[in-house]
Amino acid sequence: MKLGIVGLPNVGKSTLFNSLTKAGAESANYPFCTIDPNVGVVAVPDERLKLLADLYHSAKVTPAVIEFVDIAGLVKGASKGEGLGNQFLANIREVDAIVHVVRCFEDGNVIHVDGSVDPVRDIETINLELIFSDLEILERRIAKTSKGARNDKTLAKELDLLSRIKEHLEAEKLAITFQTEDEDEQAWLASYNLLTGKPVIFAANVAEDDLADDGASNHYVQEVREYAQETGSGVFVICAQIEEEISELEEDEKAMFLEDLGLKESGLEKLIRASYDLLGLMSYLTAGETETRAWTIKKGTKAPQAAGKIHSDFERGFIRAEVVNYKDLLDCGSLSAAKEKGLVGLEGKEYVVQDGDVILFRFNV
């Protein structure tokens, strides 16, 4: 999974990126200090892996990972070349979802690029730049498609779709809210890779005092939540500075620090949960002496396609899957004990993989 982190300058974006990835992106109180996109890969925390690895005495543990791309601060007019212009936009076309960091704290020492804190205005500023960038993509596609549309029904149909999406964006609506009429249109829309067609998670960056009640008493956070509800986006509350402090601690210190703050999980854990929910993802597990590993798949994935995550040969030659829930496996103490109790299923091609399944695939190529 690849997430692009965007936000206006000085909203806490690079501080958040640093704390999530410990990659040390330069963080400074002025716009455009993040000139090149910074990329960091983060392991998805999953306590099931350690428990299974202990059971199997695994030589290696491989968690699922998320790649974060930190993009240079945006300003009004970026799509027309202001600030760093379009440079940042290409870097987020390939991400699965956008994490949009929004400033929800007052601090006279941290300059706001527009002179005041107003999260909804900030969100709309960035959305407008994304819309302008998408319109450029559509205009190029329209010019290309128009040439053959007179003599080709398929191209004529696509041209009609392009015109309708363009109209939708010109009304300052996001591509993610555009309704397609059939599967052809759905496939075309997906192929355009529009920035405003990507799912969004808003990271409401608050002061430390607003963390304990998850931003409930912060009116800026409420504004972000209302806005997110209208667009079907995710929201999580974070204090980027606290996250930076957490990232410097050892695991046991981290737990104590979170407890002192009245928190059950770190911002990274909140973000991962929000990302998985928004994108409809989950993990199944494989375990053995050589390796215990988590594999991220879409909810609703059937066994052969889940096997294909490991290797295309597994999907091509799929015979069946031996499946046991990780809790049942741990409770029984071994796979053979779980089999004796009838807790291991032999599943075929139609089996829909569940979160926390421990699977052994049988295949023949």
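Everything below is about the structure shown above.
S.K.: How should the packing of helix α1 (residues 13-21) against helix α8 (residues 240-247) be read in this particular structure?
M.R.: For any two helices packed against each other, the geometry is given by the interaxial angle and the distance between the axes. Viewed as axis vectors pointing N to C, α1 and α8 meet at an angle of 25°, and their least axial separation amounts to 8 Å. Judged by the angle between their axes, α1 and α8 are roughly parallel. Crossing handedness for the pair α1 and α8: left-handed. Across the interface between the two elements, Thr15, Leu16, Asn18 and Ser19 from α1 touch Ala240, Gln241, Glu243, Glu244 and Ser247 from α8. Among the residues making up the contact of α1 with α8, the classes are represented as 2 nonpolar, 5 polar and 2 charged.

S.K.: What is the right way to read the packing of α8 against helix α9 (residues 251-260) from this model?
M.R.: Relative to each other, α8 and α9 sit at 150°, their axes nearing to 9 Å. Taken as axis vectors, α8 and α9 run roughly antiparallel relative to one another. For the pair α8 and α9, the contacting residues are Ile242, Glu245 and Ile246 in the first and Lys254, Phe257 and Leu258 in the second. Taken together, the residues that form the contact of α8 with α9 break down as 4 nonpolar, no polar and 2 charged.

S.K.: Can you help me understand the layout of surface pockets in this one?
M.R.: Unoccupied space between atoms shows up once a probe the size of one water molecule is rolled over them. Size it by volume and the largest pocket reaches roughly 610 Å³. Lining the largest pocket we find 22 residues, and of these Val44, Pro45, Asp46, Glu47 and Arg48 sit closest to its centre. Where the lining of the largest pocket is concerned, the elements lending two or more residues are α2 (47-56), α10 (267-279) and β8 (281-286). Here the residues of the lining of the largest pocket are counted per class, giving 10 nonpolar, 2 polar and 10 charged.

S.K.: Sorry, what's going on with the environment of Thr292 here?
M.R.: Mapped onto the elements of the fold, Thr292 is located in strand β9 (residues 292-298). Assessed through its relative accessible area of 0%, Thr292 is described here as buried. Taking C-alpha positions, Thr292 is 8.2 Å from Tyr56, a pair spaced 236 residues apart along the chain. Setting aside residues no more than four positions away along its own chain, Thr292 makes contact with Leu49, Leu52, Ala53, Ser58, Lys60, Val61, Thr62, Thr286 and Ala287.

S.K.: I keep staring at the pattern of salt bridges and nothing clicks. Help me out?
M.R.: For side chains bearing opposite charge, pairing can occur when the charged atoms are close. Taken as a whole and assessed by the stated rule, the structure comprises 23 salt bridges. One salt bridge connects Glu67 with Lys2, and the closest N-O pair in it is separated by 3.6 Å. Pair noted here: Glu67 is in strand β4 (residues 65-70) and Lys2 is in strand β1 (residues 2-6), with a separation of 65 residues, a long-range link. Glu67 sits in the partly exposed class, given a relative accessible area of 27%. Between Asp313 and Arg316 there is a salt bridge, with the nearest N and O atoms lying 2.6 Å from each other. Of the two residues, Asp313 and Arg316 are both situated in helix α12 (residues 312-316); the distance of 3 residues between them amounts to about one turn of the helix. Connected through shared salt-bridge partners, Asp160, Arg164, Glu181 and Glu185 make up one network.

S.K.: Hey, could you run me through helix α7 (residues 219-231) in this one?
M.R.: Helical geometry: 3.6 residues make up each α-helical turn, so side chains three or four residues apart lie on a common side. Counted at 1.5 Å a residue, the expected span for α7 with its 13 residues is 18 Å, and the 19 Å between its end C-alpha atoms agrees. Near the N-terminus of α7, the side chain that reaches the backbone nitrogen of Tyr220, with its oxygen 2.8 Å away, is that of Asn218. Of the residues flanking the end of α7, it is Gly232, one or two places downstream, whose phi is positive at about 70°.

S.K.: What exactly am I supposed to notice about the pairing of β4 here?
M.R.: Strand residues, when the strand is regular, have side chains that alternate between the two faces of the sheet. Bridge analysis of β1 against β4 gives 4 bridges, and the strand direction is parallel. Looking across to β4, one finds that Leu3 is bridged to Phe68. Here strand β2 (residues 38-43) pairs with β4 via 6 bridges, running antiparallel. Paired with Ala43 across the strands is Val65, a residue of β4.

About the thresholds
- Residues numbered from 1 in each chain as written.
- Predicted model: local features only at pLDDT ≥ 70, side-chain atom pairs only at ≥ 80, totals over all residues.
- Heavy atoms only, no water.
- Axes fitted to C-alpha atoms, helices over the stretch in contact; angles between N-to-C directions.
- Helix = DSSP H or I, 4+ residues; strand = E, 2+ residues; numbered from the N terminus.
- Parallel < 35°, antiparallel > 145°, perpendicular 65-115°, else oblique.
- Left-handed = near helix turned anticlockwise from the far one by under 90°.
- Contact = heavy atoms within 4.5 Å.
- Nonpolar A, V, L, I, M, F, W, Y, C, P; charged D, E, K, R; others polar.
- 1 Å grid on protein atoms, 1.4 Å probe; cavity = no way out; pocket = protein on both sides within 12 Å on 5 of 7 lines; lining within 4 Å.
- Points joined across faces, edges and corners; volume = space filled by probe spheres on them.
- Buried < 20%, exposed > 50% of the residue type's maximum accessible area, 1.4 Å probe, protein only.
- Salt bridge = Lys/Arg side-chain N within 4 Å of Asp/Glu carboxyl O.
- Expected span 1.5 Å × (residues − 1).
- Polar contact = N/O pair within 3.5 Å; in protein donor to acceptor, adjacent residues only side chain to side chain.
- Pairing = 2+ DSSP bridges.

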